[in-house]
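Fold and contact review
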Amino acid sequence: NDFCKLFMSSGSLFDISQIDKESPYIIVKPMGFMRELDKIFYPRVGIDSRVTEYGLVTLETAGILFEDYQFFMDVLVSVDLALMLRGNQICLEGKMLEDDVYYYIPDVRTQYPELHCDPTSLHLLLNVDCPLSHLQVLFARAFMSRKKCSYLVLEHSTPVNITRFGTKLSDGATDVTFQMRYLGDTVEFHFPDEANEEVCTDIIEACNEVMAKDDWMNSKYAFAVMPPDSINPNVRNRCNRHDLLSMKDCDSRNDSSNHFVIWKKVLKEFKELEGRELKEELMSISDVCHIAEKLEKLSPECLENVANKLQKHVDEKRTNQEHDARLCEDKSKDKRPLHLLLDWEGELKNTKEQPSGKELAKLFMELAKEMKNDYEKLESAARRLDPSGYY
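Owing to the predicted nature of the structure, the values given are computational and were not obtained by experimental measurement.

1. A few points about the overall build of the protein chain
Tallying secondary structure elements over the protein chain gives 17 helices and 13 strands in all. Per-residue burial over the protein chain gives 50% buried out of 391 residues. As presented, the protein chain carries roughly 19500 Å² of accessible surface, and 50% of it is formed by carbon and sulfur atoms.

2. Side note on the environment of valine 210
Looking at where valine 210 falls in the secondary structure, it is placed in helix α7 (residues 197-213). Note: C-alpha distance between valine 210 and valine 137 (73 residues apart in sequence) is 10.0 Å. If we skip the residues at most four places from it in the chain, valine 210 touches Leu135, Leu138, Phe139 and Ala142.

3. Describing the packing of aromatic side chains
Throughout the structure, instances matching the rule amount to 16 aromatic pairs. Consider the rings of phenylalanine 3 and phenylalanine 7, whose centres lie 4.6 Å apart with planes at 40°: the pair is tilted. One end of the pair is phenylalanine 3 and the other is phenylalanine 7, both in helix α1 (residues 2-9) and four residues apart, which spans about a single turn. On the basis of relative accessibility, which here comes to 54%, the residue phenylalanine 3 falls in the exposed class. Residue class for phenylalanine 7 comes out partly exposed when judged on its relative accessible area of 32%. Here the aromatic rings of phenylalanine 143 and phenylalanine 178 are separated by 5.1 Å at their centres, their planes lie at 75°, and the arrangement is edge-to-face. Note that phenylalanine 143 is positioned in helix α6 (residues 132-146) and phenylalanine 178 in strand β11 (residues 175-182), a separation of 35 residues in sequence. In terms of burial, phenylalanine 143 and phenylalanine 178 fall into one category: buried. Aromatic ring contacts, followed pair by pair, group Phe139, Phe143, Phe165, Phe178, Phe189, Phe191 and Trp263 into a single cluster.

4. Structural notes on the pairing of strand β13 (residues 221-224)
Going residue by residue along β13, you find Tyr221 and Phe223 tucked away on one face and Ala222 and Ala224 tucked away on the opposite face as well. In this structure, strand β8 (residues 122-126) lies alongside β13, joined through four bridges in antiparallel fashion. Across the sheet, the residue bridging to leucine 126 is tyrosine 221, located in β13.

5. A closer look at the confidence of the model for the protein chain
Low pLDDT means the predicted atomic positions in that stretch should not be read closely. The share of residues in the protein chain with pLDDT of 70 or more is 79%, and the mean pLDDT across the chain is 80. Here helix α8 (residues 235-239) stands out as the least confident element of the protein chain, with mean pLDDT 42; strand β7 (residues 101-104) is the most confident, with 97. Across residues 233-239, where pLDDT falls below 50, the model places 18 contacts with residues more than four positions away in sequence or in other chains. Between residues 324-328, whose pLDDT stays under 50, and residues either more than four places distant or in other chains, the model counts six contacts.

6. Re empty space enclosed by the protein
By rolling a water-sized probe across the atoms, one finds the places where empty space is left. With the rule as written, the count across this model stands at two cavities of 30 Å³ or more. Residue lining of the largest cavity: Glu53, Tyr54, Tyr104, Arg109, Val153, Leu154, Glu155, Thr158, Ile162, Thr163 and Arg164, and that is the complete set. The set of elements that each furnish at least two residues to the lining of the largest cavity consists of α3 (50-54), β9 (150-154) and β10 (162-168). Sorting elements by how many residues they give to the lining of the largest cavity places β10 first, with three residues. What the second largest cavity holds in volume is close to 40 Å³. Along the walls of the second largest cavity sit Leu124, Leu135, Phe139, Met180, Val187, Phe189, Cys207, Val210 and Met211, which together make up its complete lining. Only α6, β12 (186-190) and α7 provide two or more residues apiece to the lining of the second largest cavity. Ranked by residues supplied to the lining of the second largest cavity, first place goes to α7 with three residues. Its residues assigned to classes, the lining of the second largest cavity comprises nine nonpolar, no polar and no charged.

7. Some details on the pairing of β11
Of all eight residues in β11, six are buried; the element is thus mostly enclosed. Pairing of β11 with β12 involves four bridges; the strand directions are antiparallel. Along β12, the bridge assignment pairs methionine 180 with phenylalanine 189. Following β11, the chain reverses through three residues before pairing antiparallel with β12; glycine 184 in that reversal takes a positive phi of roughly 85°.

8. Considerations on the sheet that holds β13
Across a sheet, paired strands are connected by hydrogen bonds in the backbone, their directions being either parallel or antiparallel. The strand order across the open sheet formed by eight strands is β6-β5-β9-β10-β11-β12-β8-β13, and the pairing between neighbours is mixed. Edge positions in the sheet fall to β6 (95-96) and β13, since each of these pairs with one other strand and no more. Note that β9 and β10 share four bridges and pair antiparallel. Note that in β10 the partner of serine 150 across the bridge is threonine 167.

Cut-offs applied
Residues numbered from 1 in each chain as written. Predicted model: local features only at pLDDT ≥ 70, side-chain atom pairs only at ≥ 80, totals over all residues. Heavy atoms only, no water. Helix = DSSP H or I, 4+ residues; strand = E, 2+ residues; numbered from the N terminus. Buried < 20%, exposed > 50% of the residue type's maximum accessible area, 1.4 Å probe, protein only. Areas by Shrake-Rupley, 256 points an atom, 1.4 Å probe, with all protein chains shown as cover. Contact = heavy atoms within 4.5 Å. Phe/Tyr/Trp six-rings, centres within 6.5 Å; stacked < 30°, edge-to-face > 60°. Pairing = 2+ DSSP bridges. pLDDT = per-residue confidence, 0-100. 1 Å grid on protein atoms, 1.4 Å probe; cavity = no way out; pocket = protein on both sides within 12 Å on 5 of 7 lines; lining within 4 Å. Points joined across faces, edges and corners; volume = space filled by probe spheres on them. Nonpolar A, V, L, I, M, F, W, Y, C, P; charged D, E, K, R; others polar.

Below you can see the structure in the form of structure tokens.
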């Protein structure tokens, strides 16, 4: 096991059992294996069109693509890139498929992603960006294992970041459909019609199951739903997880939205896993990269002031002993925005303080009042971290 871990860390081999303990496979030529996978992610002309249209691969198609097709499909399932299903678990254009083995691989679809948000959705908010198909497959497996009468709904031109589901309720007669939409550090669960409390509960429990497995990143997460009377027509604002988290515990003054009422009711009973709750002020790497891009447009003078402001903020958190040691360090730091932010985060953590998005937004707004020429750029960066404070 130690041998495999060592050589896997250097890319010399790929031990699948490090990801799936039940897998018997060790790939000793990972680059050759990756080149072979091009056959399914970039299929040649003439291959079953359902591969790129629906992400659906039959055993027959797998046999055409790969000489040892069972090995390749088993590995894709083990690393959560593919989901193995039976025909009664797939509704293709309104019809259930014949009873056979099929594989659902969301990432091979060629439709463009759908990036707009829907405020009536439940939002699963993450402090990391998960690989797209990894999260779609993990949730589909957890939900469909929990809800035995559920199935995938595969339709023409479905965006690559969306997976649709259908399920029968416990009465065995009523069908309910919903979709999940992946948006980086936000995942949406949306009912096109009326939301259903039973299915909402299963969705939240399936998410908790996925996040319990996600110990490889020990990521933080939270559920949030936007009150109807707080919906801002600005789509960008609705996409911001900090904005959603700030409204997480709001009580709506307009309870006419069926979706909002049901999500809030279910969320009172089903919470995030203990110790994994994502707090409003925590920043993700997406936040840092987004802000760094905004700061790139600042004048040299303003960027210098940002660097001084961040350093002063860290120094205020230090003990006297830490501060004296800091004065002896080399002051020639990289002044590029991304480096400034990462250094600020790292140094703040060394003082046992948790980097706070709201606190950083406050620093930017204090500086914006001093630097009139760069006010809009600094305010834009602050909005990313604390929209509710500056709209």
